[in-house]
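What the coordinates show
Each chain, written out:
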Amino acid sequence: MIGALERAHTLVGDAERIVVLTGAGVSAESGVPTFRGSGGLWKSRRPEELATPGAFARDPRLVWEWYASRRTFVSGCVPNDAHLALARLALTHSATTLITQNVDGLHHRAAEAVARDEDPTGAYPLEVHGAIHRDLCSSCGLRTPGRLDVDTTSAETLPRCDMCAGMLRPDVVWFGEALDPGVIGASFEAARLADVCLVVGTSAVVYPAASVPEITHQAGGTVIEINPEATPLTSMAAASLRGLAGELVPALLAETMIDRKR
Ligand code: BV8
Ligand code: ZN
């Protein structure tokens, strides 16, 4: 493993442009359950059941019950050392683009924690699957800060839009739904130009997000993976670090940032 960490150190230290793709694994040590790992979120429910427009049309109460409980749970979680190290990298190295599949908002909170009274926006990620803390009106498309006290006792008590009384939904991208073209377009452009794509905590099975490292690789960049398990990306990675994000991301990036200061 030391060899792989050394190799990854050199690759990141030498990189001009870095793109980072994170998945649920980067939030695991913050207590947020992953989707597909043991005890993952999807274990008790199948994604097709809940994270689809069809499920919401069929039973908006059940879907809101799942999202309201996740929203409340995540609001009690805090960014871990991986989120903080990635925020520090993005704030100290301007040619870094953070891209996340996560909807938990922990990268934003890490950016604000690290930036303190400086501008945190350089470390805000591109959220390709949206944000669980935001509501979206199914009718007029208005986006508003999400409520923590969503009343899911019946379809009648579900949240409605203040502008048009349309049904609100969590502002996340469901299976079968298109990603925001601006967000995924910016992600692909950053991936194409990147010298290094650092992939942290994703099973790399959900598209089009999983194309990000493939685009860097095809454009001649190198892929580094941090994951306790192998994934479909492992064979393409120049360094695949087996372990937890909370330990390996700070280890990988700390010296790199010191290097950059010189
Ligand atoms: C689209 C938001 C087209 C909601 C999510 C067949 C039928 C239908 C669709 C498809 C199909 N085949 C392909 C598709 C497309 C589909 C897809 O890719 N399906 C997959 C499952 C096969 N994609 C879509 O539908 C996308 N849209 O294609 O639209 C279109 C185009 C034009 C017009 C109309 C339509 C939309 C996909 C977005 C779905 N929304 N989330 C919500 O969160 O509730 S996806 C969901 O999975 C989450 O966002 C999650 O982030 C994402 C990916 O999962 P991971 O993040 O990788 O998490 P996972 O648990 O899987 O893995 C965790 C990893 O971490 C593991 O590897 C584990 O080892 C590691 N780990 C654990 N602990 C740690 C760790 N690593 C480091 N440290 C640790 N401590
Ligand atoms: Zn509305």
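To start, this report covers the structure provided alongside it. (Residues numbered from 1 in each chain as written. Chains lettered and ligands numbered in written order. Predicted model: local features only at pLDDT ≥ 70, side-chain atom pairs only at ≥ 80, totals over all residues. Heavy atoms only, no water.)

All chains considered together, the criterion is met by 6 salt bridges. With its nearest N and O atoms 3.3 Å apart, the salt bridge here joins Arg61 to Glu65. Of the two residues, Arg61 and Glu65 both sit in helix α5 (residues 60–75), 4 residues apart, roughly one turn of that helix. With relative accessibility at 23%, the residue Arg61 sits in the partly exposed group. As a salt-bridge pair, Arg169 and Glu177 come within 2.7 Å of each other at their nearest N and O atoms. We classify Glu177 as partly exposed; its relative accessible area is 23%. Linked by salt bridges that have partners in common, Arg134, Arg143 and Asp171 make up one network. (Salt bridge = Lys/Arg side-chain N within 4 Å of Asp/Glu carboxyl O. Helix = DSSP H or I, 4+ residues; strand = E, 2+ residues; numbered from the N terminus. Buried < 20%, exposed > 50% of the residue type's maximum accessible area, 1.4 Å probe, protein only.)

This part is about the sheet that holds strand β3 (residues 126–127). Here 6 strands make up an open sheet; going across it, the order is β3-β2-β1-β7-β8-β9 and the pairing parallel. The sheet is open, and its two borders are formed by β3 and β9 (239–241), each paired with just one other strand. Where strand β1 (residues 18–22) lies against strand β7 (residues 196–200), 5 bridges are found, and the strand directions are parallel. Its bridge partner lying in β7, Val20 is registered against Leu198. (Pairing = 2+ DSSP bridges.)

The next subject is the pairing of strand β2 (residues 96–100). Taking burial as the measure, the 5 residues of β2 include 4 buried ones, the bulk of the element. Pairing between β1 and β2: 5 bridges, direction parallel. Note that in β2 the partner of Val20 across the bridge is Leu98. Sheet topology places β2 next to β3; 2 bridges connect them, and they run parallel. By the bridge assignment for β3, Ile99 is matched with Leu126. A crossover links β2 with its parallel partner β3, the connecting element being helix α7 (residues 106–115), and its sense is right-handed. (Right-handed = clockwise from strand over helix to strand, strands pointing away.)

Right, let's talk about the environment of Gln218 for a bit. Tracing the chain through its elements places Gln218 in helix α9 (residues 211–218). For Gln218, a relative accessible area of 65% puts it in the exposed group. Here the alpha-carbon distance between Gln218 and Arg192, two residues 26 residues apart in the chain, equals 8.1 Å.

Within the protein, Cys137 (SG), Cys140 (SG), Cys161 (SG) and Cys164 (SG) serve as the donor atoms for the zinc ion (ligand 2), at 2.2 to 2.3 Å. Seen from the zinc ion (ligand 2), its 4 donor atoms lie at angles of 98 to 118 degrees, and the figure they make is tetrahedral. Along the chain, the residues donating to the zinc ion (ligand 2) are arranged with the sequence spacing C-x2-C-x20-C-x2-C. Here Cys140, found in the loop between β4 (130–137) and β5 (143–145), pairs with Cys164, found in the loop between β5 and β6 (168–172); they are 24 residues apart in sequence, far enough to count as distant. (Donors = N, O, S within 2.8 Å, 3.2 Å for Na, K, Ca; no water. Tetrahedral: all angles 85-135°; square planar, octahedral: opposite > 155°, others 65-115°.)

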